[in-house]
Amino acid sequence: MVDSAKKRLRGDVLREIGASCGSAGENLQWLLGKMHPYFSITMQDEPEAVAALATRMHLLGHEQRLVLADRETRLIVARPNRPGSLYDTLKTLREREISYAQFTQSYGALPGLEEGLEVQRFEFERKSNQAIAGAGEVKIPPGIRKSISEAVAEFYPDFDSRQFDRLLRLLWLNNEHYMRVSPAKRVAQILWLYLQSILHGGIYFDAEETEDTEQQREYRVMFAAGNPPQIDFLQQIMEVFNRLGIGVKRAYCLTISNGVHPYFLGNFYVRSRDAGLVDKGSDLFNQLRTELYNTQILSTASHVYREFVAKGVMAGEEASLVNALISFCHTNLAHNQPDRFGFEDVMRAFHSDPDMALQLIWLFKTRFDPAIGDREALYAKTLAEVTQAIAAYNTGHRHLDDVRRAIFRCALIFIRNTLKTNFFIPEKQALAFRLDPVYLSELGPEFTADLPAERPFRVTFFFGRHGAGYHIGFSDIARGGWRTILTSGWDDYVTGANTIFRENYVLAHTQHLKNKDIYEGGSKMVVILDSADIADKDMVTRRLYKLQFGLINAFFDIYVTENGRAKDPRVIDYYGEDEPIELGPDENMHDEMVELIARQSVRRGYLLGIGVISSKKVGINHKEYGVTSAGVVKFAEITMAELGLDIRKDPFTVKFTGGPNGDVAGNAMRLLLERCPQVRINLIIDGTGALFDPAGTDLAALRKVVLQGDVDAYDPQALHEGGFLLYRNVRRSEGLRELYKKVLRSDGELRELWVTVDEFYREFNGLSFSVQADLFIPAGGRPETIDKDNWQAFFLEDGSPSARAIVEGANSFITPEARVELQKKGVVILRDASANKCGVISSSYEIIANLLMNEKEFLANKERYVADVLEILERRAEDEARLIFRRHRETGGSQLYTEISAGISQEINAHYARLFAFFQAHPELCDEPLFKKAIEAHMPTLVRQSAKYRGRIKNLPPKYRYAILASETASSLVYRGDSEASFIEMLRGHLQRSLPA
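Report follows, based on the coordinates. Owing to the predicted nature of the structure, the values given are computational and were not obtained by experimental measurement.

### Remarks on the overall build of the chain
Working step 1: Counting its secondary structure elements, the chain contains 37 helices and 26 strands.
Working step 2: Along the first, second and third principal axes, the C-alpha set of the chain runs to 115 × 85 × 70 Å.
Working step 3: Burial statistics for the chain: of 997 residues in total, 58% are counted as buried.
Working step 4: Looking at the chain alone, contacts between residues at least 24 apart form 71% of all its contacts between residues at least 6 apart.
Working step 5: Taken as a whole, the chain presents about 41100 Å² of accessible surface, with 51% of it coming from carbon and sulfur.
Working step 6: One way to put it: in the chain the 122 positive side-chain charges average out to a point 2 Å from where the 134 negative ones average out.

### Observations concerning empty space enclosed by the protein
Working step 1: If you walk through the whole model with that rule in mind, you get six cavities of 30 Å³ or more.
Working step 2: Considering only enclosed or pocket space, the largest cavity measures out at about 160 Å³ in volume.
Working step 3: Lining the largest cavity are 19 residues, and of these Ile98, Arg126, Ile231, Phe233 and Leu234 lie nearest its centre.
Working step 4: Among the secondary structure elements, those contributing two or more residues to the lining of the largest cavity are β3 (100–109), α10 (233–243) and β7 (246–257).

### A short note on the pattern of salt bridges
Working step 1: Counted by the stated rule, this structure contains 70 salt bridges.
Working step 2: Here Arg458 makes a salt bridge to Asp476, at a shortest N to O gap of 3.6 Å. With Arg458 in strand β11 (residues 458–464) and Asp476 in the loop between β12 (467–473) and β13 (478–486), the pair connects residues that are 18 residues apart, well separated along the chain.
Working step 3: For Asp517, the salt bridge goes to Lys837, with nearest N and O atoms at 2.5 Å. You can see Asp517 sitting in the loop between α20 (490–514) and β14 (521–529) and its partner Lys837 sitting in the loop between α29 (832–835) and α30 (838–852), a full 320 residues away along the chain.
Working step 4: What you see here is one network of salt bridges that share partners, running through Lys420, Arg434, Arg458, Asp476, Asp573, Glu577, Glu579 and Lys959.

### Considerations on the packing of aromatic side chains
Working step 1: What the rule picks out here adds up to 56 aromatic pairs.
Working step 2: Here Phe364 and Phe424 contribute two aromatic rings whose centre-to-centre distance is 6.5 Å and whose plane-to-plane angle is 15°, an arrangement assigned as stacked. In this pair, Phe364 is assigned in helix α15 (residues 354–368) and Phe424 in the loop between β9 (418–421) and β10 (431–435), connecting sequence segments 60 residues apart.
Working step 3: Taking the relative accessible area as the measure of exposure, Phe364 reaches 1% and is therefore buried.
Working step 4: With a centroid separation of 6.1 Å and 85° between ring planes, the pair formed by Trp791 and Phe795 is classed as edge-to-face. As far as burial versus exposure is concerned, Trp791 and Phe795 are alike and both buried.
Working step 5: Taking NZ or CZ as reference, Arg186 lies 4.0 Å from the ring centre of Tyr252, over its face.

### Here we look at the packing of helix α13 (residues 316–333) against helix α14 (residues 343–352)
Working step 1: The geometry of α13 relative to α14 is characterised by a closest axis approach of 9 Å and an angle of 140° between their N-to-C directions. For the element pair α13 / α14, the angle class is oblique. You can see that α13 and α14 cross each other, and the crossing is right-handed. Between α13 and α14, the contacting residues are Val322, Leu325, Ile326, Cys329 and His330 on the first element and Phe343, Val346, Met347, Phe350 and His351 on the second.
Working step 2: Tallied by class, residues from the contact of α13 with α14 come to eight nonpolar, two polar and no charged.

### Description of the nonpolar core
Working step 1: Counting residues in hydrophobic clusters, the biggest one holds 128 residues, and the most contacted among them are Phe656 and Tyr865.
Working step 2: Not counting chain neighbours up to four residues away, the residues in contact with Tyr865 comprise Ile620, Tyr845, Ile848, Ala849, Met853, Phe858, Pro940, Leu942 and Val943.
Working step 3: Counting 110 residues, the second-largest nonpolar core is a separate cluster that includes Phe205, Ala225, Leu451 and Ile572.

### Some details on the sheet that holds strand β20 (residues 689–692)
Working step 1: Taken together, the nine strands give an open sheet; going across it, the order is β23-β22-β21-β20-β19-β18-β24-β25-β26, and neighbouring strands pair in mixed fashion. Looking at which strands have only one partner, the edges of the open sheet turn out to be β23 (749–756) and β26 (828–830). Mean inter-strand twist for the sheet, computed between neighbouring axes without regard to direction, equals 25°.
Working step 2: Summarising the sheet, strand β18 (residues 652–657) and strand β24 (residues 773–778) pair through four bridges and their orientation is parallel. Bridging from a neighbouring strand, Val654 pairs with Leu775 of β24.

### Let's talk about the layout of surface pockets
Working step 1: Of the voids in this model, the second largest pocket is the one considered here, and its volume is about 1100 Å³.
Working step 2: Taken together, 49 residues make up the lining of the second largest pocket; nearest its centre are Ser299, Ala301, Arg465, His466 and Asp530.
Working step 3: Elements with a contribution of two residues or more to the lining of the second largest pocket: α12 (303–309), α13, α14, β11, β12, α20 and α21 (537–559).
Working step 4: Residue contributions to the lining of the second largest pocket peak at five residues, all from α13.
Working step 5: Residues that form the lining of the second largest pocket fall into these classes: 21 nonpolar, 15 polar and 13 charged.

### A look at the pairing of β18
Moving residue by residue along a regular strand, the side chains alternate between the two faces of the sheet.
Working step 1: When you tally the buried positions in β18, you get six out of six residues, the bulk of the element.
Working step 2: Along β18, one buried face is formed by Phe652, Val654 and Phe656 and the opposite face, lined by Thr653, Lys655 and Thr657, is buried too.
Working step 3: With six bridges joining them, β18 and strand β19 (residues 679–686) adopt parallel strand pairing. Paired with Thr657 across the strands is Ile685, a residue of β19.
Working step 4: What joins β18 to β19 is helix α25 (residues 663–675), and the crossover it makes is right-handed.

### Considering the pairing of strand β21 (residues 724–734)
Working step 1: Direction of pairing for β20 relative to β21: antiparallel, over a ladder of four bridges. Looking at the pairing, Phe692 lines up with Phe724 of β21.
Working step 2: Strand direction decides the pairing type here: β21 and strand β22 (residues 737–746), joined by eight bridges, are antiparallel. Across the sheet, residue Arg732 finds its bridge partner in β22, namely Leu739.
Working step 3: Taking the residues between adjacent antiparallel strands as the criterion, β21 and β22 are bridged by two residues, where Gly735 takes a positive phi near 65°.

### A look at helix α28 (residues 816–824)
Working step 1: Three or more residues of α28 are buried, namely Ala818, Arg819, Leu822 and Gln823. End-on view of α28: buried residues confined to an arc of 130°, all on one side of the axis. Away from its buried face by more than 90 degrees, α28 exposes Pro816 and Lys824.
Working step 2: Check the buried side of α28 and you find it contacts β25 (803–807), β26, α29 and α32 (897–921).
Working step 3: At the C-terminal side of α28, Gly826 shows a positive phi close to 100°.

### Observations concerning the sheet that holds β9
Working step 1: Taken together, the seven strands give an open sheet; going across it, the order is β9-β10-β11-β12-β14-β13-β17, and neighbouring strands pair in mixed fashion. Among the strands making up the open sheet, the edge pair consists of β9 and β17 (581–585). On average, adjacent strands in this sheet sit at an angle of 20° to one another, irrespective of strand direction.
Working step 2: By the bridge criterion, three bridges tie β9 to β10 in an arrangement that is antiparallel. Bridge pairing in β10 links Thr421 to Phe433.

### Topic: the environment of Leu796
Working step 1: As for its placement among the helices and strands, Leu796 is situated in the loop between β24 and β25.
Working step 2: With relative accessibility at 24%, the residue Leu796 sits in the partly exposed group.
Working step 3: Sequence separation of Leu796 and Tyr439 is 357 residues, and the distance between their C-alpha atoms is 46 Å.
Working step 4: Beyond its immediate stretch of four places on either side in the chain, Leu796 contacts Ser770, Gln772, Pro801 and Ser802.

### What to know about α13
Working step 1: With 18 residues, α13 extends 26 Å from end C-alpha to end C-alpha; this agrees with the ideal 26 Å at 1.5 Å per step.
Working step 2: With 18 of 18 residues buried, α13 is to be regarded as a mostly interior element.

### Side note on the packing of α14 against α15
Working step 1: Two numbers describe how α14 lies on α15: the axes approach to 5 Å, and their chain directions differ by 90°. Taken together, the axes of α14 and α15 are roughly perpendicular relative to one another. Across from Phe350, His351 and Ser352 in α14, the residues of α15 making contact are Pro354, Ala357 and Leu360.
Working step 2: Looking at the contact of α14 with α15, its residues break down into four nonpolar, two polar and no charged.

### Considering unusual backbone geometry
Working step 1: The phi angle at Asp374 is positive, at roughly 50°, despite the residue not being glycine.
Working step 2: Tracing the sequence through the fold places Asp374 in the loop between α15 and α16 (375–391).
Working step 3: The residue Leu707 is not glycine, and still its phi comes out positive at about 60°.
Working step 4: Residue placement: Leu707 occurs in the loop between α26 (699–705) and β21.

What counts and how
- Residues numbered from 1 in each chain as written.
- Predicted model: local features only at pLDDT ≥ 70, side-chain atom pairs only at ≥ 80, totals over all residues.
- Heavy atoms only, no water.
- Helix = DSSP H or I, 4+ residues; strand = E, 2+ residues; numbered from the N terminus.
- Buried < 20%, exposed > 50% of the residue type's maximum accessible area, 1.4 Å probe, protein only.
- Contact = heavy atoms within 4.5 Å.
- Areas by Shrake-Rupley, 256 points an atom, 1.4 Å probe, with all protein chains shown as cover.
- Lys, Arg positive; Asp, Glu negative; His and termini not counted.
- Charge placed at Lys NZ, Arg CZ, Asp CG, Glu CD.
- 1 Å grid on protein atoms, 1.4 Å probe; cavity = no way out; pocket = protein on both sides within 12 Å on 5 of 7 lines; lining within 4 Å.
- Points joined across faces, edges and corners; volume = space filled by probe spheres on them.
- Salt bridge = Lys/Arg side-chain N within 4 Å of Asp/Glu carboxyl O.
- Phe/Tyr/Trp six-rings, centres within 6.5 Å; stacked < 30°, edge-to-face > 60°.
- Lys NZ or Arg CZ within 6 Å of the ring centre and 35° of its normal.
- Axes fitted to C-alpha atoms, helices over the stretch in contact; angles between N-to-C directions.
- Parallel < 35°, antiparallel > 145°, perpendicular 65-115°, else oblique.
- Left-handed = near helix turned anticlockwise from the far one by under 90°.
- Nonpolar A, V, L, I, M, F, W, Y, C, P; charged D, E, K, R; others polar.
- Core = buried A, V, L, I, M, F, W, Y, C linked by side-chain atoms within 4.5 Å.
- Pairing = 2+ DSSP bridges.
- Right-handed = clockwise from strand over helix to strand, strands pointing away.
- Arc of directions from axis to C-beta.
- Expected span 1.5 Å × (residues − 1).

Here it is, written out as structure tokens:
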């Protein structure tokens with residue numbers, strides 16, 4: 001029986017081999033005739049795969065696919081051409097990084113079948129950013145370079161020839177094989193597409209009709225994206241084509257690195273399945289453009305994508321709006337009531353009622369879609385309908401209905417109070433919504449009671465694929481830093497998002513109090529980044545840059561104006577004024593992004609040019625010059641003098657949060673080491689660990705790491721008896737236990753210990769409370785570290801505080817309630833709005849320089865200008881510190897130091913607001929000699945003494961002149977004013993005007 005089976009199998013196999021071999025020649029001829037000519041060119045390096053296809057092609061009648069090559073770096077598959085076949089293959093490759101993808105469909109049906117053939121080729125040889133950045137010179141064969149150069153000149157005569165060799169080298173480094181086997185025209189297309197993506201802010205779309213093939217019109221769709229948002233990005237792109245019914249006949253897609261991050265470059269040759277064509281301006285063209293750009297914002301992992309987009313309930317851009325509404329409602333409601341309005345609660349409200357989501361989307365469109373006519377009447381009608389629908393929302397579950405009505409009402413308030421948005425600009429990478437802050441009053445005290453009472457001038461909400469956040473400003477001209485919070489898991493992200501709005505609000509309000517000495521009011525931008533699905537540090541940085549770049553371009557979409565209105569006609573602008581907003585670097589804002597933002601501002605035409613952001617090369621880098629720390633140390637010096645201690649002569653101890661490599665902490669340590677020969681720094685805590693030394697850190701060892709390394713770089717050999725280092729990033733596992741390294745000097749020897757997670761964090765979190773010092777400078781760490789629940793821990797067993805004075809170098813390190821309680825118990829606190837104000841003052845003077853000098857002039861005069869600014873910083877810090885202590889003495893100590901600080905800020909800001917409005921109403925006053933002199937008094941010495949730069953003051957934007965005049969007058973009234981003398985002058989002036997001569 002076995003022998004019989006073997007005989008039958010042998011015969012069947014031989015017949016199959018014969019049939020296969022017999023038809024192989026015909027099949028090969030069919031392939032050469034029915035596949036695009038490029039197929040022969042690009043597959044010439046794979047004769048075995050083509051032979052396998054020719055031999056086995058007849059099997060496609062009953063096989064779903066044929067694997068022609070399956071190697072570590074390459075996969076080639078043949079399939080019957082059916083809708084979604086390419087998308088199906090891509091779903092199996094989700095975790096593989098594709099460097100090149102090529103898809104080719106036949107012009108006719110396979111022999112004996114109704115479907116055509118589709119050959120899919122994937123390569124997995126993506127070069128790392130580090131490999132490209134570190135690569136040296138390359139030798140491109142002269143013949144290849146010449147043919148590509150000629151193709152570029154023929155097909156793209158406007159191509160910037162200065163970029164040619166640089167881009168060609170980059171392409172060669174990434175995929176030499178592609179350049180060797182591809183026709184010169186195709187390489188020229190990729191080079192041109194890459195250049196366009198650079199010129200258009202990292203994303204580009206276009207379509208053009210190609211030459212006839214088999215008498216059928218065909219279109220080439222070009223799409224490029226810098227730093228694509230996910231590994232399986234190509235899958236999301238093909239889902240768009242599939243969902244819109246657009247058949248991709250051929251495609252050639254490369255992913256290359258520019259040495260910083262990857263770029264996706266795709267050419268797709270398409271025909272729509274319903275015979276429609278992708279003509280420019282057609283509905284299909286516009287839909288495809290919008291949906292492809294929207295891949296930068298809409299995550300395929302989101303529930304809205306899976307349930308609403310994939311199932312045809314709504315379009316991709318509508319789903320992005322729903323995700324933005326969810327984020328806005330969550331962040332505005334949860335900070336006060338996290339248990340009722342957690343992220344899952346808000347998300348489920350929208351997911352459970354897609355009809356309500358669609359009604360809100362339609363209301364938003366009636367308010368902002370530039371293509372809608374008679375917008376006002378349609379919006380009013382739709383608003384009434386949606387308002388009624390929300391009021392009548394009822395599922396029979398009372399508690400749930402109350403929560404969801406509040407959520408939908410928040411979304412309604414958001415739409416009603418948005419004044420402009422970039423939603424209808426297709427080529428965006430993030431969403432921006434400028435809101436009227438009156439919306440906070442409409443939300444009501446139920447949701448705003450935990451915020452400072454003062455309401456901001458503007459609120460801008462930003463939403464991106466991997467993060468969201470706000471810019472909150474408390475005056476028309478406003479400045480403050482841009483902080484991005486990195487999260488390490490989904491729970492971490494949601495927890496951070498719960499309170500991000502309140503954190504931003506408090507920081508912006510503190511900044512407003514801090515900005516009293518300059519013409520800009522306070523603002524802050526805080527964004528939270530979701531990096532829960534990635535662990536690699538470089539990948540996190542890539543995502544950080546992607547989010548920040550998307551958000552800054554969304555910022556320019558709505559804030560670049562012409563004659564007061566948004567310049568882009570696709571932005572419906574209900575506000576209608578220029579808005580000078582200045583940013584600055586804060587947590588996770590790197591120098592590269594600072595420079596990029598400045599360049600992008602010039603390219604986009606923002607009214608401040610490079611002045612949109614501070615701490616640039618053409619500016620005053622905070623860390624390099626220690627500008628914030630200059631004020632912190634001056635406040636520390638005057639504070640300790642009030643307590644009877646001269647820090648320049650006397651011995652004293654100081655403890656820090658914030659590391660030696662940090663901007664504020666590092667420069668404060670540098671200044672103390674330079675100015676205070678008897679300083680003993682006995683505690684330093686940063687993100688890498690903690691350093692405690694009861695005898696004070698070894699000054700020589702500390703100097704080696706200040707502004708060079710973190711706490712974990714400190715030499716443990718320099719520890720004194722009883723001193724130790726806790727290492728946050730040095731761990732090991734023992735079974736299920738995770739242990740942290742601790743190095744302790746005991747009995748003259750260094751001992752290495754390993755402590756549990758609980759032991760580590762108990763000690764790490766408690767040190768700033770328990771270590772005794774004369775002075776505490778919190779110059780780093782998370783906001784609200786000392787709060788109403790733990791402030792008592794700052795006192796030792798005998799009831800004395802662990803530090804007599806606290807000078808806040810970090811923002812909001814201590815909550816207002818904790819400040820009050822600590823001061824009642826005798827601690828002197830100089831709060832953040834006073835002590836660390838010099839950083840923002842420096843940034844303000846940087847922007848003045850950017851407005852009065854060109855780049856060459858500034859760099860030529862930089863050191864002199866910076867010296868002038870540092871002198872101003874010292875004076876401004878001393879003015880306020882001495883005023884705080886003077887007022888404290890005058891009130892007999894009845895007022896807390898932080899209350900006096902807040903009062904000074906409020907006093908100056910009130911004067912400023914009134915004066916700014918006055919000068920705006922009387923612009924001619926700026927040209928009168930007395931007022932011109934006041935504006936000049938605000939300027940650094942270099943500007944005042946140079947006729948050239950002084951003469952340019954009159955060319956500043958009018959709002960800036962009013963603001964500078966108002967600021968200089970307001971601050972001098974408070975710092976140098978005499979209320980009794982001012983009152984007497986007011987009486988004299990009044991009587992002279994009112995009494996007869």
